[in-house]
Structures are given as C-alpha cells and as structure tokens.
Amino acid sequence: MQLRQSILLAAVSLLSVTHAAPVSTEQVLRCTITDAAQQAYLESSDLDIWSHGISANSPTDIRVKNAAERSALLATGISCETFIEDLAALISEEQVENRLAARQTGDSYFSNYQSYAAIRSKIQSWKSTYPDYFTDLGSIGKSIEGRDIPAFKITNNKSTGPKKSIYFNGLIHAREWISGSTTMYQAHKLLTLASTDAQVKSLLDQFEFYVTPVSNPDGYEFSRTSDRMWRKNRRVNRSSSCKGVDLNRNFDEHWGVAGTSSSPCQENYRGTAAFSEPETQAIKNFVLSLPNRAGGIDIHSYGQLVLRPWGWTATPSSGEAQYKRLGDSVQAAIRAQSGVSYQSIPGADLYPASGATDDWMTAKAKMAGFTIELRDEGRYGFVLPANQIVPTGEEIWAGVKAFAEYLAANEMPDLTIPPRKL
Ligand code: 0X9
Ligand code: ZN
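On a predicted model such as this, the values are computed, not experimentally measured, just so you know.

Rules and cut-offs
Residues numbered from 1 in each chain as written. Chains lettered and ligands numbered in written order. Predicted model: local features only at pLDDT ≥ 70, side-chain atom pairs only at ≥ 80, totals over all residues. Heavy atoms only, no water. Helix = DSSP H or I, 4+ residues; strand = E, 2+ residues; numbered from the N terminus. Rg over C-alpha atoms; globule rule 2.2 N^0.38 Å. Buried < 20%, exposed > 50% of the residue type's maximum accessible area, 1.4 Å probe, protein only. Contact = heavy atoms within 4.5 Å. Areas by Shrake-Rupley, 256 points an atom, 1.4 Å probe, with all protein chains shown as cover. Lys, Arg positive; Asp, Glu negative; His and termini not counted. Charge placed at Lys NZ, Arg CZ, Asp CG, Glu CD. 1 Å grid on protein atoms, 1.4 Å probe; cavity = no way out; pocket = protein on both sides within 12 Å on 5 of 7 lines; lining within 4 Å. Points joined across faces, edges and corners; volume = space filled by probe spheres on them. Nonpolar A, V, L, I, M, F, W, Y, C, P; charged D, E, K, R; others polar. Pairing = 2+ DSSP bridges. Right-handed = clockwise from strand over helix to strand, strands pointing away. Near = heavy atom within 4 Å. Polar contact = N/O pair within 3.5 Å; in protein donor to acceptor, adjacent residues only side chain to side chain. Salt bridge = Lys/Arg side-chain N within 4 Å of Asp/Glu carboxyl O.

*Asks:* Describe the overall build of the protein, listing the residues and the values that go with them.
*Replies:* Secondary structure summary: the protein contains twelve helices and twelve strands in total. For the protein, whose C-alpha radius of gyration is 22 Å, the value lies close to the compact-globule estimate of 22 Å for 422 residues. Overall, the protein is about 65 × 60 × 45 Å in size when its C-alpha atoms are taken along their principal axes. Put simply, the protein has 422 residues, and 53% of those count as buried. Counting only contacts in the protein whose residues sit at least 6 apart along the sequence, the fraction spanning at least 24 positions is 76%. For the protein, the exposed surface amounts to about 18200 Å²; the carbon and sulfur share of it is 53%. A gap of 4 Å separates the mean positions of the 42 positive and 45 negative side-chain charges of the protein.

*Asks:* Mind laying out empty space enclosed by the protein, listing which residues take part and the relevant values?
*Replies:* A full pass over the atoms with the stated rule returns one cavity of 30 Å³ or more. Computed from the structure, the largest cavity encloses a volume of approximately 50 Å³. Surrounding the largest cavity, Y109, F110, N112, Q114, I119, L171, G180, S181, M184 and Y220 form its lining. Considering every element that reaches the lining of the largest cavity, the biggest residue donor is helix α6 (residues 177-193), with three residues. The residue makeup of the lining of the largest cavity, split by class, is six nonpolar, four polar and no charged.

*Asks:* Tell me what's going on with the pairing of strand β11 (residues 343-346), and back it up with residues and numbers.
*Replies:* For strand β10 (residues 305-308) and β11, the ladder comprises four bridges, and the chain directions are parallel. Bridge pairing in β11 links L305 to Q343. This β-α-β element, β10 to helix α10 (residues 320-338) to β11, shows right-handed connectivity.

*Asks:* Describe in detail the pairing of strand β6 (residues 148-154), supporting the description with residues and values.
*Replies:* With six of seven residues buried, β6 is to be regarded as a mostly interior element. When strand β5 (residues 134-142) meets β6, the two strands line up antiparallel, connected through five bridges. If you follow S139 over to β6, its bridge partner there is P150. Counting the residues that bridge the hairpin from β5 to β6 gives five residues, and of these G146 lies at a positive phi of roughly 95 degrees. Relative to strand β8 (residues 207-212), β6 runs antiparallel, the two sharing three bridges. Within the sheet, the bridge partner assigned to I154 lies in β8 and is F209.

*Asks:* An account of the site of ligand 1 is needed here, citing residue identities and associated values.
*Replies:* Lining the immediate surroundings of ligand 1 are 16 residues, of which R231, R249, Y351, D358 and E373 lie closest. Contacts to ligand 1 include R249, whose side-chain N or O atom sits 2.7 Å from an oxygen atom. S301 places a polar main-chain atom, nitrogen or oxygen, 3.3 Å from a nitrogen atom of ligand 1. Look at ligand 1: alone it shows 420 Å² of surface, and the protein chains cover 98% of it. Breaking the shell around ligand 1 down by element, the ones donating at least two residues are β9 (293-301) and α11 (357-363). For the shell around ligand 1, a count of residues per class yields five nonpolar, five polar and six charged.

*Asks:* For the pattern of salt bridges, give the residues involved together with the corresponding values.
*Replies:* Enumeration according to the criterion identifies 23 salt bridges in this entry. Between D136 and K127 there is a salt bridge whose closest N-O contact spans 3.7 Å. Among the residues examined, K127 registers a relative accessible area of 40% and is labelled partly exposed. Between E277 and R235 there is a salt bridge whose closest N-O contact spans 3.0 Å.

Read these as spatial facts, not as claims about activity.
Written out as structure tokens, the structure is:
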C-alpha cells in the first residue's frame with residue numbers, strides 16, 4: 001500500500017515537472033528591466049509588482065494573472081524567468097498547512113498565521129498574564145469597514161527618569177502575513193523575558209514599547225478570506241470599481257511625489273489626499289501622542305532588508321552616517337542570530353516611494369523611522385511557510401534589541417534640520 005502510494009506520488013511529481021502549468025495559471029516571474037520604455041510599460045500597466053530590484057539591473061518580481069498578461073509582458077522584450085510556477089497551488093498548500101497547524105495542541109500561537117480575532121484574544125490574554133508589564137491601549141481608531149485597530153504598550157514600573165518610546169507597526173500591507181506574526185513575536189519576547197533577562201529588564205527600564213500589530217485589519221481579513229494577494233485597505237473608491245488605498249503611500253510626507261499612483265486600480269494607489277484613510281489618521285494620531293519618541297519600525301515583507309531614510313528620494317539624508325550605523329547594527333545582529341542576510345540600505349535604493357510610514361515617522365514624528373522587509377528573498381514571497389514564523393521572529397528579536405540598544409546610547413540627528421556647515 002505504502003509502496004503504491006509512493007509510486008503514485010512520484011508519478012504525480014514527475015507530471016508536474018514535465019508539464020508546464022496550464023495557461024490560466026497565476027505565476028510570479030522574475031524579470032530584468034533594462035530600459036526606460038520597459039519601466040514605463042510596467043508603470044502604466046495594472047500588473048502587480050511584488051518587489052523591485054535594489055539596483056538598476058537586479059530583478060523585479062511580477063505577478064501575472066493569466067497567459068495573456070504573461071505574453072503581453074514578454075512581448076515588450078522584458079526578459080523573465082518563471083519564479084513561482086503556480087501561485088494558486090502555493091496558496092492551497094499554505095491553507096493545508098494552516099489547517100494542520102491549527103489542530104496542534106498546546107500553545108501553538110506562533111506555529112500558524114493568526115486571524116484578526118485571534119490576535120485580539122492574545123492581547124486580552126497578555127493583559128491578564130502580564131499585568132505588571134502590559135497595558136492594553138484598546139483601539140486607536142476604526143478602519144474604513146469599522147474594525148478596531150488594536151494597540152498596546154510594554155514597559156516596567158521602574159521609573160529612573162523619563163523613558164523613550166519605540167513603536168512597532170505590523171500588517172499595514174494585508175498580504176504580508178509574516179509582518180503580523182513577527183510584530184506579535186517581539187511583544188511575546190519582551191513579556192516572557194521581562195522579569196528574568198538582564199538585558200530586557202534594562203531595556204524596559206529605559207523604554208516604553210508601543211505596538212499596533214494589525215494596522216490594516218480589513219485588508220488582512222480580506223486576504224485571509226477572499227484574496228490572499230490583497231495589499232491595500234478596503235476603501236470603496238469613488239468612480240472606480242477598484243477598491244483600496246495603499247496605506248503606505250497615504251502619509252503626509254512628500255505625498256504623491258514618487259513611486260505612487262493616482263489610479264485606484266494600482267497596488268500603490270495613494271488615495272485622494274494625504275491621510276484620506278481612517279487607518280493612517282489613526283496611526284498618525286497615535287504615534288504623535290507617544291512621549292519621547294526615539295524610533296519606529298514599520299514591519300513588511302519580503303526581501304530581507306533593513307531600510308533607513310530616505311525612502312522618497314535617492315538624495316542621502318543629512319544623518320546618513322548615523323542612520324547607516326543604526327541600520328547596519330540591526331542587520332549584523334540578525335545575521336549573528338540566524339545567519340540570514342538582510343541588506344542595510346536607504347529605502348529609496350529599493351525604489352523611491354513617498355507618503356510612506358517610515359519617512360513620515362522620521363520627518364514629521366521626529367523619530368528614527370525604519371522599515372524592515374522580512375523573509376524571504378522570493379522563493380515563497382508573501383506566502384512564507386508558517387514554520388518560518390518562529391525563526392523570523394527570533395532573528396528580528398536580535399535586530400530589535402540592537403535597534404533599542406543603539407537608541408539608548410545615541411541621540412539620532414533630526415533629519416529635517418539642515419546640517420551646520422563647519
Ligand atoms: O513599497 C512599500 O511600501 C514597501 N515594500 S513592500 O514590498 N512591503 O510593499 C517598501 C517601503 C520602503 N519605504 C519607502 N520607500 N519610504
Ligand atoms: Zn509592505
């Protein structure tokens with residue numbers, strides 16, 4: 001019986017190797033853009049660009065929904081290789097794994113991607129388990145569909161003077177599921193080590209950590225229930241059948257200037273005005289209410305990158321040397337923990353994009369605003385297997401400690417003040 005099963009399996013896998021995926025299959029292509037005409041084609045198309053190369057000649061991952069989109073793309077002369085052969089198959093595998101993980105007994109919270117409701121229950125349980133360290137801040141505002149955006153604070157009761165604030169933002173992009181898990185994982189580490197680990201104790205003496213693990217709850221739920229590849233919020237756009245605003249283009253920092261679209265059908269649609277969306281308004285008001293803001297990390301996937309200012313322009317920031325040191329220390333800590341390489345670069349080296357959370361934090365909230373793009377480098381892309389939640393959480397925990405230690409020891413320069421000429 002077992003033998004027959006494995007022969008069958010071998011035959012099936014042989015079939016999937018020898019036969020190309022059917023023409024209607026959604027695929028992810030890894031392409032090299034070589035000239036301005038090809039770039040213009042991408043910008044004018046409705047294609048879903050998953051990631052952009054970090055230099056002019058490095059590859060760009062593009063999702064094509066069917067054979068027609070694939071042929072039209074290849075007809076421009078852009079050279080591509082098939083990177084994810086069958087995206088739908090990858091998503092179904094993920095669903096099977098999620099169901100299996102859900103059946104596990106014991107505390108399996110981080111063995112699976114959790115729903116919005118499960119994230120909120122975890123917050124409630126922390127409230128009763130760690131009353132000395134955890135403060136539930138309730139809702140910072142409602143999403144466009146009326147869901148609460150949860151927030152909490154972690155610190156200790158020791159007050160040796162005013163503490164600095166560090167902010168973590170998760171799941172502003174719906175399909176980047178690993179972002180929510182990793183953000184919650186950082187809170188889990190802070191709480192479980194709060195009373196026992198000397199370094200964590202000292203960090204909690206000096207900092208208050210503020211967290212919004214799901215800042216785009218509507219998009220996240222939609223990506224769990226209807227369209228796994230959903231990125232934006234769920235705004236109904238006037239005079240368009242396309243829904244959603246890219247919340248990471250909706251902040252009031254060079255809004256609309258670079259890497260953003262005025263078309264509601266595009267994944268990077270910026271909205272009708274800066275802060276047109278209730279989610280970005282809520283984040284803004286919350287962050288501006290935090291005392292002694294030192295730094296913030298907006299957590300995304302994928303690409304394995306530690307991104308520092310600026311994201312909207314390729315012109316180096318006036319504090320480039322300091323910011324590079326901070327980013328490099330995060331990257332080095334990650335590598336030392338897991339051996340996984342993240343690149344530490346200015347955001348615009350990935351591609352310039354304005355109106356984003358990171359630059360807004362730096363320029364307007366006057367804190368060190370970073371983005372981290374988590375695992376992987378494109379093998380699974382957004383559909384990162386759940387067994388990578390804990391390893392990703394652990395390596396970012398190393399990075400987060402380095403981030404906080406750096407901010408404890410250094411005052412970061414205000415990048416909106418031009419440097420004094422010597
Ligand atoms: O495009 C984005 O919003 C981020 N990449 S993602 O693939 N997760 O969508 C990168 C944002 C980097 N920051 C700025 N360019 N300001
Ligand atoms: Zn993102």
